[in-house]
Amino acid sequence: MDSELLREQGHIMVDFIADYYRDLQDSPQDFPVLSQVQPGYLRDMLPNSAPDQPESLNELLDDVTKKIMPGITHWQSPSYFAYYASSTSVAGFLGEMLNAGLSVVGFTWQTSPAATELEIIVLDWLAKLLQLPDHFLSTGHGGGVIQGTGCEAVLVVVLAARDRILKQVGKTVLPQLVVYASDQTHSSFRKACLIGGIHEDNIRLLRTDSSTNYGLLPESLEEAISHDLAKGFIPFFICATVGTTSSAAVDPLVPLGKIAKKYGIWMHVDAAYAGNACICPEYRKFIDGVENADSFNMNAHKWLFANQTCSPLWVKVSEKDAVVNYKDWQISLSRRFRSLKLWMVLRLYGSENLRNFIREHVNLAKQFEDYVTQDPHFEVVTTRYFSLVCFRLVPVDGDEDKCNQRNRELLAAINSTGKIFISHTALSGQFILRFAVGAPLTEEKHGRLYKNMPLNLPATAIVKNIL
Ligand code: PLP
């Protein structure tokens, strides 16, 4: 590791990346938002084996421009509205650089005391912004840990909850353990349960529909629990979601938490996307009831400008050692110093700015929604709480099959232009288009879907000062 070479080449790389962000905005025609390459495109462009001799950075960057960029779906494009965003920022980027530079492996306190202690402090800060209950704070009976992803977070808590119940009632009951969630819950929950040895037939994904805007009905949960108890099953885990992947539906935490408490069930709250919005007082109501949860997770890499990956998880902790050894709070041993970037994001922007970025995204989604509502060709299909609009072309003559097909074709047409990328979902058998705002460079003008479509949004810049 030659420090002078790092300085020289680091500058070249920072220039390259800064140019990328500039060009994404100034020359969008050169960056189709959804990559348009075909599977296997790269194999023909690269040699079959690694080079024997070193090549230059310039040669390599040339290949990035010519060969890698065509295969990039530009999640950072201002016209990216698919899935949920993966938000970046200068602060997050600098935090990643510092992390890569220090490259410590803080699996125990001793292996890098600052890595452990900063993570504890920063997650206390974020917990306070979210007004999480004291039992999630390190100063209370809990604590936070930064997982890589929401999938890792749910796996960790399913395993913890499973071990808790097995300790209480004996290891032989594993086949009787049952878990609950709505049918809108992220697929990572099912995966976590299967990895955790929960029998596939014991994963209850309870039905939701438009009458609750796809949120879980507490009565369905209580009914399922009673039914299972009567049959000798042991309910031990409920995964409630605030902001589902499909439509940003919200499970009502207050009644669900009461039920969880009544039956001694671990309640996990998956707020991967919408949890970020809850740093704003006006959205905090969506996690009212978190007081009865045993764990809470959100993805700061989705909507808090903390570049991939950064998934804070808070848990109640029953036993505490003198120091935290984070290797015991996660699947892997090695771990990155992720709190650096979250710390930098919180310090370099300040919570007031972060709240305003989120509000601006929600405003843009609202404007898009207003426009769709006014256009007789379209309908908005769910109540919007955050920055996701679920909509579709309306059926003609009530023909739902044809309607699904038309919406499928519309989606393909929009995304094949490369000008904008939106995604889709299925709700009550309908093919639904999703317009999710969250890319940091997005301004109002980028919300214009497609020049041949009847949609034509007004344009005023919104997120200007992040990058
Ligand atoms: N939960 C919800 C509600 C999500 O939307 C997602 C991803 O979109 C996840 C969990 C999984 O998160 P990750 O991709 O960080 O594993």
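Structure: above.
Being a predicted model, the structure only gives us computed values, none of them experimental.

What counts and what doesn't
Residues numbered from 1 in each chain as written. Predicted model: local features only at pLDDT ≥ 70, side-chain atom pairs only at ≥ 80, totals over all residues. Axes fitted to C-alpha atoms, helices over the stretch in contact; angles between N-to-C directions. Helix = DSSP H or I, 4+ residues; strand = E, 2+ residues; numbered from the N terminus. Parallel < 35°, antiparallel > 145°, perpendicular 65-115°, else oblique. Left-handed = near helix turned anticlockwise from the far one by under 90°. Contact = placed C-beta atoms within 7 Å. Core = buried A, V, L, I, M, F, W, Y, C linked by C-beta atoms within 7 Å. Buried ≥ 20, exposed ≤ 12 C-beta atoms within 10 Å, placed from the backbone. Domains from an automatic or database assignment. Expected span 1.5 Å × (residues − 1).

## Focus: the packing of helix α5 (residues 150–169) against helix α6 (residues 187–195)
Okay, step 1: With their axes 9 Å apart at the nearest point, α5 and α6 run at an angle of 40 degrees to one another. Considering their axes alone, α5 and α6 lie oblique with respect to each other. Considering how the two elements wind past one another, α5 and α6 form a crossing that is right-handed. Together, G150, C151, V154, L155 and V158 of α5 and S188, F189, K191, A192, C193 and I195 of α6 make up the contact between the two elements.

## Describing the nonpolar core
Okay, step 1: Among the nonpolar cores identified, the biggest contains 122 residues, and I238 and V269 are the most heavily contacted of them.
Okay, step 2: Ranked by residue count, the leading element in this core is helix α10 (residues 339–374), at 16 residues.
Okay, step 3: For this core, the two domains that each supply at least three residues are domain 1 (1–35 + 72–89 + 353–467) and domain 2 (105–336).
Okay, step 4: I238 has contacts with Y180, A181, L221, L256, A260, I265 and M267, leaving out every residue within four places of it along the chain.

## Topic: α5
Okay, step 1: In this model, α5 (20 residues) spans 29 Å end to end at C-alpha, consistent with the 28 Å of a helix rising 1.5 Å per residue.
Okay, step 2: Every buried residue belonging to α5 is among G150, A153, V154, L155, V156, V157, V158, A160, A161, R162 and I165, and all of these are buried.
Okay, step 3: Looking at the residues trailing α5, positive phi occurs at G170, about 105 degrees.

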